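Structural overview
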Amino acid sequence: MTTMLAALGASPAQAQEARTVTGPATGDADVFLTYVSCDGLFDAGSAPQSRLNLGPYTAPLGRRSLGLVPSGSGTASGPYARFDSLAGVDSSLSVAATGGSQGVSLIMAVTPSNPPGTAWAGRASLSAPAGSWTQVSAASSTYDWSLVDLATRAPVARAGSATPAAFAAEHGDGEGFVVTGFGCDGQPFNLDAVRASGSTFDFEGIALSTVASVDRQQAAAGDQVTVTGKVSDAAGRVTGDPLVLESRAPGGAWAPVGGTVLADRDGLARAVVPVTRTTEFRWHRPESQYADQGWSEPVTVTVAEQAPAQNAPEQNAPEQNAPGDNAPGDNAPGDNAPEQNAPEQNAPEQNAPEQNAPGDKAPGQKASGDAKGQQGSGPVKR
């Protein structure tokens, strides 16, 4: 509350471009999320839990919104916004609650008409029905006004009901701040498209990075390798998101290996898989409520290919063929193998005297009756 009151003397807000935030912190001193008692600015409230959500329904900006879960009833959570002009207050937001939500908007302003040491306090009851997003604007809300002693925080006088612009027209314009929040009934709700002090805030997912590693980069066919996945945020904190392992042959199509792998106590996902050939692995991080999907860079496990069998050159010894077989170079009658004819060596004929049987004619001898001087065919007389 001290911070809120000190804002009354702060410098005017600088107009800024719309920007995306990934949690309840805006980084802006003039617009930030806070919580207050639903009864008034001076009563105590309790802090809610926050989360990022897809939707619900169709988010007013982007795809996500900021979910707030009250710790109990009686506290309103939402944006604080400083303004320079009560008449021109521009604070607005969109709210959604699947079960509906009750809220409140509280204004504190100082105008020329209020006595020193006092300020104008306004309170407006709000309601967001279930089933859709509802835009809530401080400028269009009707507040119950009272004059408050800043020292005792007690009301001094009542000033009726009016919108900020109508109240400023009657009591004078001035600077101040407004807190608009929901959760007074203790029901969870979501905020998005917060606009105030010249800025617009869109709540979207956080940036995550996924890294894959293997216990070995070389393996034999049939070996098992361990593939580890780690997910961390921009600050390097391990988030332990569930992952799905994917693999492919180099240059092929990616395919999942098994189902979702949950992180262990160290926040790491591990899978033990066999390899039969060179394989690339990567981790797929599915889309979640608070982050878009993503993939790690691939890692490769190389499996050496088995060398093909080496056949020695055939040594063809001359075949030894059984009688009737045609061995190389030995052509049986009728085979048309190239003939290797050695040059004919014609030696002088050596004609041995023929030995003829009786009645045969041997060279130089004439048969009986053929030679002269021999008569008849009887034996020769010696």
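Up top is the structure.
Keep in mind the model is a prediction, meaning the values are calculated, not measured. (Residues numbered from 1 in each chain as written. Predicted model: local features only at pLDDT ≥ 70, side-chain atom pairs only at ≥ 80, totals over all residues. Heavy atoms only, no water.)

1. Some details on the overall build of the chain
A count of helical and extended segments in the chain gives 2 helices and 23 strands. Looking at the chain as a whole, 38% of its 382 residues are labelled buried. Partitioning the intrachain contacts of the chain with sequence separation of at least 6 by distance along the chain shows that 68% fall at a separation of at least 24. With the model as given, the accessible surface of the chain reaches about 22,100 Å², and the carbon-plus-sulfur share is 48%. (Helix = DSSP H or I, 4+ residues; strand = E, 2+ residues; numbered from the N terminus. Buried < 20%, exposed > 50% of the residue type's maximum accessible area, 1.4 Å probe, protein only. Contact = heavy atoms within 4.5 Å. Areas by Shrake-Rupley, 256 points an atom, 1.4 Å probe, with all protein chains shown as cover.)

2. Description of the sheet that holds strand E20 (residues 268–274)
The 3 strands lie next to each other as E15-E17-E20, forming an open sheet whose pairing is antiparallel. Each of the sheet's edge strands pairs with one partner strand only, and the pair in question is strand E15 (208–214) and E20. Within this sheet the neighbouring strands show an average axis-to-axis angle of 20 degrees, counted without direction. Sheet topology places strand E17 (residues 224–233) next to E20; 7 bridges connect them, and they run antiparallel. The residue bridging Gln 224 from the neighbouring strand is Pro 274, located in E20. (Pairing = 2+ DSSP bridges. Axes fitted to C-alpha atoms, helices over the stretch in contact; angles between N-to-C directions.)

3. Focus on the nonpolar core
Grouped together as the largest cluster of nonpolar side chains are 35 residues, with contacts concentrated most on Leu 86, Ile 107, Trp 145 and Val 178. Setting aside residues up to four positions removed in sequence, Val 178 forms contacts with Pro 79, Tyr 80, Ala 81, Phe 83, Val 89, Ser 91, Ser 105, Leu 106, Ile 107, Ala 138 and Tyr 143. Within the second largest apolar cluster, 20 residues are counted, among which are Leu 208, Ala 219, Leu 245 and Val 299. (Core = buried A, V, L, I, M, F, W, Y, C linked by side-chain atoms within 4.5 Å.)

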